[in-house]
Amino acid sequence: MTYSASMVSCLFWLNEAINTIPYYLDKTSIADMRKIAVEQNLYQVRAEDRCKRIAGVVYKRLNTLTPELIAELRDSDINTAKIIHLISIMKTDLLFFEFMNLVFKKSLQLGKKDLGDSDIKNFFDEKIAQSEEVAHFSESAIYKLKQTYVKFLIETGIVENAQSKKILVPYIDYRLQDLLKQSGYGIYLSTITGIDYE
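The model shown is predicted, which means the values in this text are computed figures rather than measured ones. (Residues numbered from 1 in each chain as written. Predicted model: local features only at pLDDT ≥ 70, side-chain atom pairs only at ≥ 80, totals over all residues. Heavy atoms only, no water.)

Novice: How would you summarise unusual backbone geometry if you had to cite specific residues and measurements?
Specialist: Glycine aside, the phi torsion of most residues is negative, and most peptide linkages are trans. Despite not being glycine, W13 shows a phi value in the positive range, around 55°. On the accessibility criterion, W13 (5% relative accessible area) is buried. In this structure, N41 is a non-glycine residue whose phi angle is positive, near 45°. When you line up the elements, N41 lands in the loop between α2 (30–39) and α3 (48–62). Its relative accessible area of 30% is what places N41 among the partly exposed residues. (Buried < 20%, exposed > 50% of the residue type's maximum accessible area, 1.4 Å probe, protein only. Helix = DSSP H or I, 4+ residues; strand = E, 2+ residues; numbered from the N terminus.)

Quick look at the structure:
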(Lines give C-alpha, C1' and ligand atoms only; values in the text may rest on other atoms or scores of the structure.)
Protein backbone atom coordinates (compact mmCIF):
# COMPACT_ATOMS: atom_id res chain seq x y z
CA MET A 1 0.00 0.00 0.00
CA THR A 2 1.28 3.47 -0.85
CA TYR A 3 0.79 6.80 0.90
CA SER A 4 -2.13 8.87 -0.30
CA ALA A 5 -3.64 12.29 0.37
CA SER A 6 -7.04 11.19 -0.96
CA MET A 7 -8.56 11.43 2.52
CA VAL A 8 -8.70 15.22 2.14
CA SER A 9 -11.83 14.73 0.02
CA CYS A 10 -13.40 12.12 2.29
CA LEU A 11 -15.68 12.41 5.30
CA PHE A 12 -16.22 9.85 8.04
CA TRP A 13 -19.31 8.45 6.24
CA LEU A 14 -20.43 6.02 8.94
CA ASN A 15 -24.14 6.26 8.13
CA GLU A 16 -23.34 5.92 4.45
CA ALA A 17 -21.41 2.72 5.18
CA ILE A 18 -24.27 1.27 7.23
CA ASN A 19 -26.78 2.17 4.49
CA THR A 20 -24.57 0.43 1.93
CA ILE A 21 -24.19 -2.84 3.85
CA PRO A 22 -27.42 -4.50 2.52
CA TYR A 23 -26.23 -3.95 -1.07
CA TYR A 24 -22.72 -5.06 -0.20
CA LEU A 25 -24.01 -8.29 1.36
CA ASP A 26 -26.14 -8.90 -1.74
CA LYS A 27 -22.86 -8.78 -3.70
CA THR A 28 -23.94 -5.75 -5.69
CA SER A 29 -21.03 -4.74 -7.95
CA ILE A 30 -19.36 -1.43 -7.29
CA ALA A 31 -20.53 -0.16 -10.69
CA ASP A 32 -24.14 -1.06 -9.87
CA MET A 33 -23.74 0.40 -6.38
CA ARG A 34 -22.74 3.73 -7.87
CA LYS A 35 -25.84 3.68 -10.11
CA ILE A 36 -28.14 2.74 -7.22
CA ALA A 37 -26.62 5.43 -5.00
CA VAL A 38 -27.27 8.08 -7.66
CA GLU A 39 -30.77 6.87 -8.63
CA GLN A 40 -31.97 6.55 -5.03
CA ASN A 41 -29.92 9.49 -3.70
CA LEU A 42 -28.79 7.01 -1.07
CA TYR A 43 -26.26 9.35 0.50
CA GLN A 44 -28.32 12.56 0.33
CA VAL A 45 -25.83 14.53 -1.75
CA ARG A 46 -26.62 16.68 -4.78
CA ALA A 47 -23.58 16.10 -6.97
CA GLU A 48 -23.64 12.82 -8.92
CA ASP A 49 -19.83 12.55 -8.91
CA ARG A 50 -19.77 12.99 -5.14
CA CYS A 51 -22.37 10.26 -4.72
CA LYS A 52 -20.31 7.87 -6.85
CA ARG A 53 -17.16 8.74 -4.90
CA ILE A 54 -18.85 7.98 -1.58
CA ALA A 55 -20.00 4.60 -2.91
CA GLY A 56 -16.47 3.75 -4.02
CA VAL A 57 -14.83 4.79 -0.74
CA VAL A 58 -17.46 3.06 1.40
CA TYR A 59 -17.14 -0.18 -0.60
CA LYS A 60 -13.36 -0.09 -0.22
CA ARG A 61 -13.75 0.31 3.55
CA LEU A 62 -16.31 -2.50 3.84
CA ASN A 63 -14.00 -4.77 1.83
CA THR A 64 -11.47 -4.64 4.67
CA LEU A 65 -13.88 -6.15 7.22
CA THR A 66 -14.79 -9.77 7.93
CA PRO A 67 -18.47 -10.79 7.58
CA GLU A 68 -18.68 -10.87 11.39
CA LEU A 69 -17.39 -7.32 11.70
CA ILE A 70 -19.74 -6.10 8.96
CA ALA A 71 -22.64 -7.63 10.94
CA GLU A 72 -21.37 -5.85 14.07
CA LEU A 73 -21.09 -2.58 12.16
CA ARG A 74 -24.69 -2.96 11.02
CA ASP A 75 -26.27 -4.24 14.24
CA SER A 76 -24.28 -2.91 17.18
CA ASP A 77 -24.58 0.28 19.21
CA ILE A 78 -23.27 3.50 17.69
CA ASN A 79 -20.03 3.60 19.72
CA THR A 80 -19.08 0.07 18.66
CA ALA A 81 -19.97 0.88 15.04
CA LYS A 82 -17.71 3.94 15.14
CA ILE A 83 -14.73 1.89 16.37
CA ILE A 84 -15.22 -0.76 13.65
CA HIS A 85 -15.62 1.93 11.02
CA LEU A 86 -12.43 3.67 12.16
CA ILE A 87 -10.58 0.37 11.81
CA SER A 88 -11.87 0.02 8.24
CA ILE A 89 -10.47 3.50 7.50
CA MET A 90 -7.10 2.60 9.01
CA LYS A 91 -7.03 -0.53 6.86
CA THR A 92 -7.60 1.46 3.65
CA ASP A 93 -5.17 4.31 4.33
CA LEU A 94 -1.58 3.54 5.30
CA LEU A 95 -0.66 7.10 6.25
CA PHE A 96 -3.66 7.39 8.56
CA PHE A 97 -2.83 4.04 10.16
CA GLU A 98 0.74 5.18 10.80
CA PHE A 99 -0.58 8.46 12.25
CA MET A 100 -2.80 6.47 14.60
CA ASN A 101 0.06 4.20 15.58
CA LEU A 102 2.76 6.84 15.99
CA VAL A 103 0.70 9.74 17.36
CA PHE A 104 -2.54 8.51 18.94
CA LYS A 105 -1.33 5.16 20.35
CA LYS A 106 1.97 6.64 21.50
CA SER A 107 0.11 9.48 23.26
CA LEU A 108 -2.01 6.91 25.10
CA GLN A 109 1.01 4.87 26.10
CA LEU A 110 2.85 7.95 27.38
CA GLY A 111 -0.20 8.95 29.42
CA LYS A 112 -0.73 12.21 27.54
CA LYS A 113 -4.06 13.96 28.06
CA ASP A 114 -4.30 15.27 24.50
CA LEU A 115 -2.91 15.03 21.00
CA GLY A 116 -0.19 17.66 20.87
CA ASP A 117 -0.03 19.94 17.84
CA SER A 118 3.74 19.45 17.89
CA ASP A 119 3.30 15.66 17.79
CA ILE A 120 1.02 15.96 14.76
CA LYS A 121 3.42 18.37 13.05
CA ASN A 122 6.43 16.15 13.81
CA PHE A 123 4.67 13.12 12.35
CA PHE A 124 4.11 14.86 9.02
CA ASP A 125 7.59 16.44 9.03
CA GLU A 126 9.12 12.99 9.49
CA LYS A 127 6.96 11.48 6.74
CA ILE A 128 7.93 14.28 4.36
CA ALA A 129 11.59 13.54 5.11
CA GLN A 130 11.16 9.77 4.76
CA SER A 131 8.82 9.49 1.77
CA GLU A 132 9.01 11.03 -1.69
CA GLU A 133 5.26 10.44 -2.02
CA VAL A 134 4.45 12.51 1.06
CA ALA A 135 7.10 15.09 0.13
CA HIS A 136 5.14 15.74 -3.07
CA PHE A 137 1.90 16.52 -1.18
CA SER A 138 1.03 20.22 -1.33
CA GLU A 139 1.11 22.30 1.84
CA SER A 140 -2.66 22.65 1.64
CA ALA A 141 -3.05 18.87 1.38
CA ILE A 142 -0.91 18.34 4.50
CA TYR A 143 -2.93 21.00 6.34
CA LYS A 144 -6.22 19.36 5.33
CA LEU A 145 -4.96 15.89 6.25
CA LYS A 146 -4.12 17.11 9.76
CA GLN A 147 -7.64 18.52 10.10
CA THR A 148 -9.28 15.42 8.63
CA TYR A 149 -7.40 12.98 10.86
CA VAL A 150 -8.39 14.88 14.01
CA LYS A 151 -11.97 15.24 12.76
CA PHE A 152 -12.25 11.47 12.25
CA LEU A 153 -11.07 10.90 15.83
CA ILE A 154 -13.64 13.40 17.08
CA GLU A 155 -16.37 11.65 15.10
CA THR A 156 -15.25 8.30 16.53
CA GLY A 157 -15.52 9.79 20.02
CA ILE A 158 -11.89 9.28 21.02
CA VAL A 159 -10.88 12.96 20.83
CA GLU A 160 -13.05 15.61 22.49
CA ASN A 161 -12.78 18.54 20.07
CA ALA A 162 -10.46 20.24 17.59
CA GLN A 163 -9.38 22.93 20.06
CA SER A 164 -8.30 20.89 23.09
CA LYS A 165 -7.70 17.61 21.21
CA LYS A 166 -8.30 15.94 24.57
CA ILE A 167 -8.02 12.16 24.31
CA LEU A 168 -11.07 10.21 25.43
CA VAL A 169 -9.90 6.67 26.12
CA PRO A 170 -12.36 4.42 24.27
CA TYR A 171 -14.35 1.70 25.96
CA ILE A 172 -14.33 -1.45 23.86
CA ASP A 173 -16.28 -4.35 25.32
CA TYR A 174 -14.63 -7.74 25.69
CA ARG A 175 -16.82 -9.32 23.01
CA LEU A 176 -15.61 -6.87 20.37
CA GLN A 177 -12.03 -7.14 21.63
CA ASP A 178 -12.18 -10.93 21.24
CA LEU A 179 -13.77 -10.67 17.79
CA LEU A 180 -11.09 -8.24 16.60
CA LYS A 181 -8.24 -10.38 17.96
CA GLN A 182 -9.71 -13.60 16.52
CA SER A 183 -10.15 -11.89 13.14
CA GLY A 184 -6.52 -10.76 12.98
CA TYR A 185 -7.28 -7.11 13.76
CA GLY A 186 -5.36 -7.02 17.06
CA ILE A 187 -2.89 -4.45 15.72
CA TYR A 188 -5.75 -2.01 15.03
CA LEU A 189 -7.32 -2.67 18.43
CA SER A 190 -3.93 -1.95 19.98
CA THR A 191 -3.62 1.30 18.03
CA ILE A 192 -6.97 2.56 19.35
CA THR A 193 -6.53 1.42 22.97
CA GLY A 194 -2.78 1.83 23.45
CA ILE A 195 -2.62 -1.73 24.80
CA ASP A 196 -0.28 -4.22 23.17
CA TYR A 197 -2.08 -7.53 22.77
CA GLU A 198 -0.16 -10.76 22.33
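Novice: Can you lay out helix α5 (residues 78–92) for me, pointing to particular residues and giving the numbers?
Specialist: Spanning 15 residues, α5 covers 21 Å between terminal C-alpha atoms, matching the ideal 21 Å at 1.5 Å per step. Of all the 15 residues making up α5, eleven are buried; the element is thus mostly covered by neighbouring parts of the structure. Of all the residues in α5, the buried ones are T80, A81, I83, I84, H85, L86, I87, S88, I89, M90 and T92. Capping the start of α5, D77 holds a side-chain oxygen 3.1 Å from the backbone nitrogen of N79, two or three residues further along. (Expected span 1.5 Å × (residues − 1). Polar contact = N/O pair within 3.5 Å; in protein donor to acceptor, adjacent residues only side chain to side chain.)

Novice: Explain the pattern of salt bridges to me, and be specific about the residues and the numbers.
Specialist: A pair can form between side chains of opposite charge whenever their charged atoms are brought close. Taken as a whole and assessed by the stated rule, the structure comprises eight salt bridges. E98 is the partner of K127 in a salt bridge, and the nearest nitrogen-oxygen pair spans 2.5 Å. Of this pair, K127 sits in helix α7 (residues 117–130) while E98 sits in helix α6 (residues 94–109), placing them 29 residues apart in sequence. Two residues, D196 and K105, come together in a salt bridge whose shortest N-O distance is 2.8 Å. Of this pair, D196 sits in the segment after α11 (186–193) while K105 sits in helix α6; the two residues are 91 residues apart in sequence, bridging distant segments of the chain. Residue D196 is classed as exposed on the basis of its relative accessible area, which comes to 54%. According to the relative accessible area criterion, K105 is buried, its value standing at 12%. (Salt bridge = Lys/Arg side-chain N within 4 Å of Asp/Glu carboxyl O.)

Novice: Tell me about the nonpolar core, residues and numbers included.
Specialist: Within the largest apolar cluster, 65 residues are counted, with the highest numbers of intra-cluster contacts made by L95, F96, F99, M100, F104, F137 and L153. The element best represented in this core is α6, accounting for eight residues. In contact with F96, not counting residues within four places along its chain, are M7, L86, I89, M90, Y149, F152 and L153. (Core = buried A, V, L, I, M, F, W, Y, C linked by side-chain atoms within 4.5 Å. Contact = heavy atoms within 4.5 Å.)

Novice: Requested: an account of the layout of surface pockets, with residues and values cited.
Specialist: Approximately 220 Å³ is the volume found for the largest pocket. Together, 16 residues line the largest pocket, and S6, C10, K60, T92 and D93 are the ones closest to its centre. Mapped onto the lining of the largest pocket, the elements with two or more residues apiece are α3, α5 and α6. The greatest single-element share of the lining of the largest pocket, amounting to four residues, is contributed by α3. Broken down by class, the residue content of the lining of the largest pocket amounts to eight nonpolar, four polar and four charged. (1 Å grid on protein atoms, 1.4 Å probe; cavity = no way out; pocket = protein on both sides within 12 Å on 5 of 7 lines; lining within 4 Å. Points joined across faces, edges and corners; volume = space filled by probe spheres on them. Nonpolar A, V, L, I, M, F, W, Y, C, P; charged D, E, K, R; others polar.)

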